[in-house]
Amino acid sequence: MKIIADSSASRTEWTLVDGMTVVEHAFTKGLNPFFNTRRDISHTIRLELPDAFFKRRWDHIHFYGAGCSSSDKKKIVEASLVAQFKTPVTVESDLLGAARGLLLNEPGIACILGSGSNSCYYDGNSIVKNVLSLGYILGDEGSAAYVGKLFISDCLKNIAPQRLVKQFFEYVHLTPEEVMSSIYDNALPSNVMSVYSRFLMDKLDQDYVYNLVYTSIKAFFERNVLQYDYQGKNISFVGSNACAYSGVLIEVANEYGIRIKKIIPSSMSGLVKYHSDRELVL
């Protein structure tokens, strides 16, 4: 039996797996070594995971996480996991997790559109090209944080329709000053902007909201997908924003002659299959 974990900026999905059978399933907050210390990660694991995850030593832990792109950052997460589970651990990036979860052993382009965004060309085994995400300040096009940032800016500058602005401040129960403070005084402002963007998810019938989402997703294609040799390739998406705005996503893709093969909310079911298949081969 093994544990598979998939961690985004906002949450971590955990499964305890026996072959293809999910024995336990749970969520904790996101565990990013850029923002969380080894102690923070250990604390979250111990307090937020159910007892079933600690019943005995498991065969292996496969952890895929945002921020786990360098050996130094991977070591922070690995040390925390080993300390808590006393089990062999492999730590990889959330992008490799997305590629394996979406494409398994097939080559193609894997895209994340969730609280953040990212993409890569995957050869069926490893990532061979990655257009840098650059995070919520310089990149993350098409993500919930990106959409939230544009929308909040429009609200505070009185560019968004006034009725929508009024509804938003009623929705969050905050003043404009408090919204500013909730972002600039927060250690994880991208998470805050992602949460605020949920306000728009059922309002695509409004021209302003549709245009905002369309522009954001088009920016993701122009600044990321089009930099790959994408024509005729398997292109798939994972993430909350990809699912919430799947219609717009497909529309933009069609404009570039791209056929999206798969849009799913989570990589986990694919990761379970990926690791189960590898066990059978080994």
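Trainee: Tell me about the overall build of the protein, residues and numbers included.
Mentor: If you tally the helices and strands in the protein, you get twelve helices and ten strands. Seen along its three principal axes, the alpha-carbon backbone of the protein occupies a region of about 55 × 45 × 30 Å. The buried share among the 282 residues of the protein stands at 51%. Taking as baseline every contact in the protein between residues at least 6 positions apart, the subset at least 24 positions apart corresponds to 65%. Taken as two groups, the 29 positive and 30 negative side-chain charges of the protein have centres that lie 5 Å from each other.

Trainee: Give a description of the pairing of strand E9 (residues 235-238) that names residues and reports values.
Mentor: Taking every second residue as pointing to the same face, both faces of E9 are buried, with Ile 235 and Phe 237 on one and Ser 236 and Val 238 on the other. Note that strand E6 (residues 108-113) and E9 share four bridges and pair parallel. Paired with Ala 110 across the strands is Ser 236, a residue of E9. Relative to strand E10 (residues 260-264), E9 is paired through four bridges, and the arrangement is parallel. Across the sheet, Ser 236 pairs through a bridge with Lys 262, a residue of E10.

Trainee: Any chance you could break down helix H5 (residues 144-156) for me, citing the residues and the numbers?
Mentor: Given a rise of 1.5 Å per residue, 13 residues ought to cover 18 Å, and the 18 Å separating the end C-alpha atoms of H5 matches this to within 8%. Inspection of H5 places Ala 144, Ala 145, Tyr 146, Val 147, Gly 148, Phe 151, Ile 152, Asp 154 and Cys 155 among the buried residues, and these make up the whole buried set. Where H5 is buried, its residues meet helix H4 (135-138), helix H6 (162-172), helix H7 (176-184), helix H8 (189-197), helix H9 (207-223) and helix H10 (240-244). At the C-terminal side of H5, Asn 158 shows a positive phi close to 60°.

Trainee: Describe a nonpolar patch on the surface, naming the residues involved and giving the relevant values.
Mentor: Residues Leu 132, Leu 134, Ile 137 and Leu 138 make up a contiguous nonpolar surface patch of roughly 450 Å² in combined accessible area. With respect to the helices, strands and loops of the structure, Leu 138 is situated in helix H4.

Trainee: So what about the sheet that holds strand E3 (residues 21-29)? Which residues, and what values?
Mentor: The five strands are arranged E3-E2-E1-E4-E5 in an open sheet whose pairing can be described as mixed. The open sheet has two edge strands, E3 and strand E5 (89-93), and neither has a second partner. Strand after strand, the sheet turns through a mean of 15° between neighbouring axes, direction not considered. As paired elements, strand E2 (residues 11-18) and E3 share eight bridges and run antiparallel to each other. In the sheet register, Leu 16 faces E3, and the bridge partner there is Glu 24. Most of the contacts of helix H1 (residues 38-48) go to E3, to which it runs at about 125°, and overall it touches E2 and E3. Those strands touched by helix H3 (residues 94-103) are strand E1 (2-7), strand E4 (60-65) and E5, and its axis lies near 90° from that of E5.

Trainee: I'd like a rundown of the layout of surface pockets, residues and numbers included.
Mentor: Considering only enclosed or pocket space, the second largest pocket measures out at about 250 Å³ in volume. Every residue lining the second largest pocket is listed: Tyr 136, Ile 137, Lys 149, Ile 152, Ser 153, Leu 156, Lys 157, Met 180, Ile 183, Tyr 184, Pro 189 and Met 193. Broken down by secondary-structure element, the contributors of at least two residues to the lining of the second largest pocket are H4, H5, H7 and H8. Per-element accounting of the lining of the second largest pocket gives the leading share, four residues, to H5. Broken down by class, the residue content of the lining of the second largest pocket amounts to nine nonpolar, one polar and two charged.

Trainee: Pulling in residues and values, what's your account of the packing of aromatic side chains?
Mentor: Enumeration over the complete set of coordinates arrives at 15 aromatic pairs. Ring centres of Phe 54 and Phe 85 lie 5.2 Å apart, and the angle between their planes is 5°; on these two criteria the pair is classed as stacked. With Phe 54 in the loop between H1 and E4 and Phe 85 in helix H2 (residues 71-85), this pair connects stretches of sequence that are 31 residues apart. Here Phe 151 and Tyr 208 contribute two aromatic rings whose centre-to-centre distance is 6.3 Å and whose plane-to-plane angle is 50°, an arrangement assigned as tilted. Pair noted here: Phe 151 is in helix H5 and Tyr 208 is in helix H9, with a separation of 57 residues, a long-range link. When its relative accessible area of 0% is taken as the criterion, Phe 151 is described as buried. Clustering of aromatic rings is evident, with ring pairs tying together Phe 151, Phe 168, Phe 169, Tyr 171, Tyr 196, Phe 199 and Tyr 208. Directly above the ring of Phe 34 sits Lys 73, whose terminal nitrogen or CZ lies 4.6 Å from the centroid. We note Lys 203 situated over the ring of Phe 199; from NZ or CZ to the ring centre the distance is 4.1 Å.

Trainee: Pulling in residues and values, what's your account of the sheet that holds strand E8 (residues 127-129)?
Mentor: By way of backbone hydrogen bonds, the strands of a sheet pair with one another, either parallel or antiparallel. Read from one edge of the open sheet, five strands run E8-E7-E6-E9-E10, paired in mixed fashion. Each edge of the open sheet carries a strand with a single partner, namely E8 and E10. Neighbour-to-neighbour, the strand axes of the sheet open up by a mean angle of 30°, direction not taken into account. Here helix H11 (residues 246-255) sits on the sheet and contacts E6, E9 and E10; the angle it forms with E10, its principal contact strand, is near 160°.

Trainee: Explain H9 to me, using residue names and the numbers behind them.
Mentor: In this model H9 runs 24 Å from its N-terminal to its C-terminal C-alpha over 17 residues, within 8% of the 24 Å that 1.5 Å per residue would give. For H9, the set of buried residues is Tyr 208, Val 209, Leu 212, Val 213, Tyr 214, Ser 216, Ile 217, Ala 219, Phe 220 and Phe 221.

Criteria and thresholds
Residues numbered from 1 in each chain as written. Predicted model: local features only at pLDDT ≥ 70, side-chain atom pairs only at ≥ 80, totals over all residues. Heavy atoms only, no water. Helix = DSSP H or I, 4+ residues; strand = E, 2+ residues; numbered from the N terminus. Buried < 20%, exposed > 50% of the residue type's maximum accessible area, 1.4 Å probe, protein only. Contact = heavy atoms within 4.5 Å. Lys, Arg positive; Asp, Glu negative; His and termini not counted. Charge placed at Lys NZ, Arg CZ, Asp CG, Glu CD. Pairing = 2+ DSSP bridges. Expected span 1.5 Å × (residues − 1). Patch = residues over 30% accessible without salt bridge, like charges linked within 9 Å, V, L, I, M, F, W, Y side chains within 5 Å. Areas by Shrake-Rupley, 256 points an atom, 1.4 Å probe, with all protein chains shown as cover. Salt bridge = Lys/Arg side-chain N within 4 Å of Asp/Glu carboxyl O. Axes fitted to C-alpha atoms, helices over the stretch in contact; angles between N-to-C directions. 1 Å grid on protein atoms, 1.4 Å probe; cavity = no way out; pocket = protein on both sides within 12 Å on 5 of 7 lines; lining within 4 Å. Points joined across faces, edges and corners; volume = space filled by probe spheres on them. Nonpolar A, V, L, I, M, F, W, Y, C, P; charged D, E, K, R; others polar. Phe/Tyr/Trp six-rings, centres within 6.5 Å; stacked < 30°, edge-to-face > 60°. Lys NZ or Arg CZ within 6 Å of the ring centre and 35° of its normal.

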